[in-house]
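Survey of secondary and tertiary structure
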Amino acid sequence: MADLAGSFFVLSTLGIFAASLSSSGPVDIRNIFNKIRIFPPFLALVAALFLRQIQFPEWLNFTLLQIGGTLTPLALVSVGFQLELGLLKGETVPLALGLFYKLILGPALVTLIYVGILKSSGTVIQVTIFEAAMAPMISAGIVASNYKLNPPLISLMLGIGILLSFLTLPVWYWLLKGI
């Protein structure tokens, strides 16, 4: 739910808008809104909202769960095959800054806001911070690559970010246990 209602909604709207504005080429607001309107994850989100109340046959639920279960392994294998460490040359500083922000500074800022300033605690806050500490989003990488926003850096951010998150997420989990 956090990914669909939060991350995918933002990626499907503001993410496409930001990628369109950042890409080299003329900015056409109507074209940007058309791309948002036909972005497959956005369409899936809208369809899911409309189909929430419909009961599907058990065989269809089972089939869809089995197909959906292949998504994460296929995405990780796909990212792994695209990872080329030779691309590090010239991308080390932006890669280090991006991953430092995504895996450490960003979640620390979310923690500061929710725990330090707003004095919030509980499972929802823990999950929110843990989600903020997750590896870079593969779907966001796909959008950025489609808009030609430094594909080599994107590939490195995804591949190395996923690997590094295996080290940083346990630390965040440990830190969040006390919240």
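Report on the accompanying structure.

**Observations regarding the overall build of the protein**
- Scanning the protein for helices and strands turns up 9 helices and 0 strands.
- Here the analysis covers contacts within the protein between residues at least 6 apart in sequence; of these, 75% occur between residues at least 24 apart.
- As displayed, the protein has an accessible area near 11900 Å², and 73% of this comes from carbon and sulfur atoms.
- Where the 9 positive side-chain charges of the protein centre and where its 6 negative ones centre are 7 Å apart.

**Some thoughts on the packing of helix H8 (residues 138–146) against helix H9 (residues 151–176)**
- Contact pair H8 / H9: the axes reach a minimum separation of 9 Å and the direction vectors enclose 170°. The pairing of H8 with H9 is recorded here as roughly antiparallel in orientation. On H9, the residues that touch Ile138, Gly141, Ala144 and Ser145 of H8 are Pro151, Ile154, Leu158 and Ile162.

**Section: the nonpolar core**
- Among the nonpolar cores identified, the biggest contains 9 residues, and these are Leu11, Ile16, Ala19, Ile32, Ile36, Phe39, Phe42, Val143 and Tyr147.
- The set of elements that each furnish at least two residues to this core consists of helix H1 (2–22) and helix H2 (29–37).
- The contacts of Tyr147, once residues within four sequence positions are left out, are Ile16, Ala19, Ser20, Ser23 and Lys35.
- Within the second largest apolar cluster, 7 residues are counted, among which are Leu99, Leu153, Met157 and Ile160.

**A look at the side chain of Ser155**
- Tracing the chain through its elements places Ser155 in helix H9.
- The contact partners of Ser155, leaving out residues within four places of it in the chain, are Gln82 and Leu83.

**Here's the deal with unusual backbone geometry**
- Positioned with a positive phi, Lys119 is a non-glycine residue whose angle comes to about 55°.
- Structurally, Lys119 is set in the loop between helix H6 (92–117) and helix H7 (123–132).

**A look at the environment of Val77**
- For Val77, the position within the fold is in helix H5 (residues 71–82).
- Taking the C-alpha atoms as reference, Val77 lies 28 Å from Trp59; in sequence the two are 18 residues apart.

**Some points on H6**
- If you look at H6, its biggest bend is around 45°, right at Tyr101.
- All of the buried residues along H6 are Leu95, Leu99, Leu103, Gly106, Pro107 and Thr111.
- As for H6, its buried residues are in contact with H7 and H9.
- Backbone geometry just downstream of H6 places Lys119 in the positive-phi region, at approximately 55°.

**Considering the environment of Ser165**
- Note on placement: Ser165 falls in helix H9.
- The spacing of Ser165 and Leu14 is 151 residues in sequence and 25 Å in space, taken between C-alpha atoms.
- Dropping the residues within four chain positions of it, Ser165 is found in contact with Leu103, Ala135 and Pro170.

**Let's talk about the packing of H5 against H9**
- Interaxial distance between H5 and H9 falls to 9 Å at its minimum, and their mutual angle equals 120°. With respect to H9, the element H5 is oriented oblique. Once H5 is placed against H9, the crossing between them reads as left-handed. Between H5, through Leu76, Val79 and Gln82, and H9, the contact on the second element is made entirely by Ser155, Leu158, Gly159 and Ile162.

**Brief notes about the environment of Pro107**
- Mapped onto the fold, Pro107 is located in helix H6.
- Residue classification places Pro107 among the buried positions, given a relative accessible area of 0%.
- Along the sequence, Pro107 and Ile129 sit 22 residues apart, while their C-alpha atoms lie 5.8 Å from each other.
- Those residues in contact with Pro107 that lie beyond four places of it in its chain are Tyr101, Lys102, Ile129, Ala132, Ala133 and Trp172.

Cut-offs used in this document
- Residues numbered from 1 in each chain as written.
- Predicted model: local features only at pLDDT ≥ 70, side-chain atom pairs only at ≥ 80, totals over all residues.
- Heavy atoms only, no water.
- Helix = DSSP H or I, 4+ residues; strand = E, 2+ residues; numbered from the N terminus.
- Contact = heavy atoms within 4.5 Å.
- Areas by Shrake-Rupley, 256 points an atom, 1.4 Å probe, with all protein chains shown as cover.
- Lys, Arg positive; Asp, Glu negative; His and termini not counted.
- Charge placed at Lys NZ, Arg CZ, Asp CG, Glu CD.
- Axes fitted to C-alpha atoms, helices over the stretch in contact; angles between N-to-C directions.
- Parallel < 35°, antiparallel > 145°, perpendicular 65-115°, else oblique.
- Core = buried A, V, L, I, M, F, W, Y, C linked by side-chain atoms within 4.5 Å.
- Buried < 20%, exposed > 50% of the residue type's maximum accessible area, 1.4 Å probe, protein only.
- Bend = angle between axes of the 7 residues up to and from the residue.
- Left-handed = near helix turned anticlockwise from the far one by under 90°.

This is a description of form; function is not addressed.
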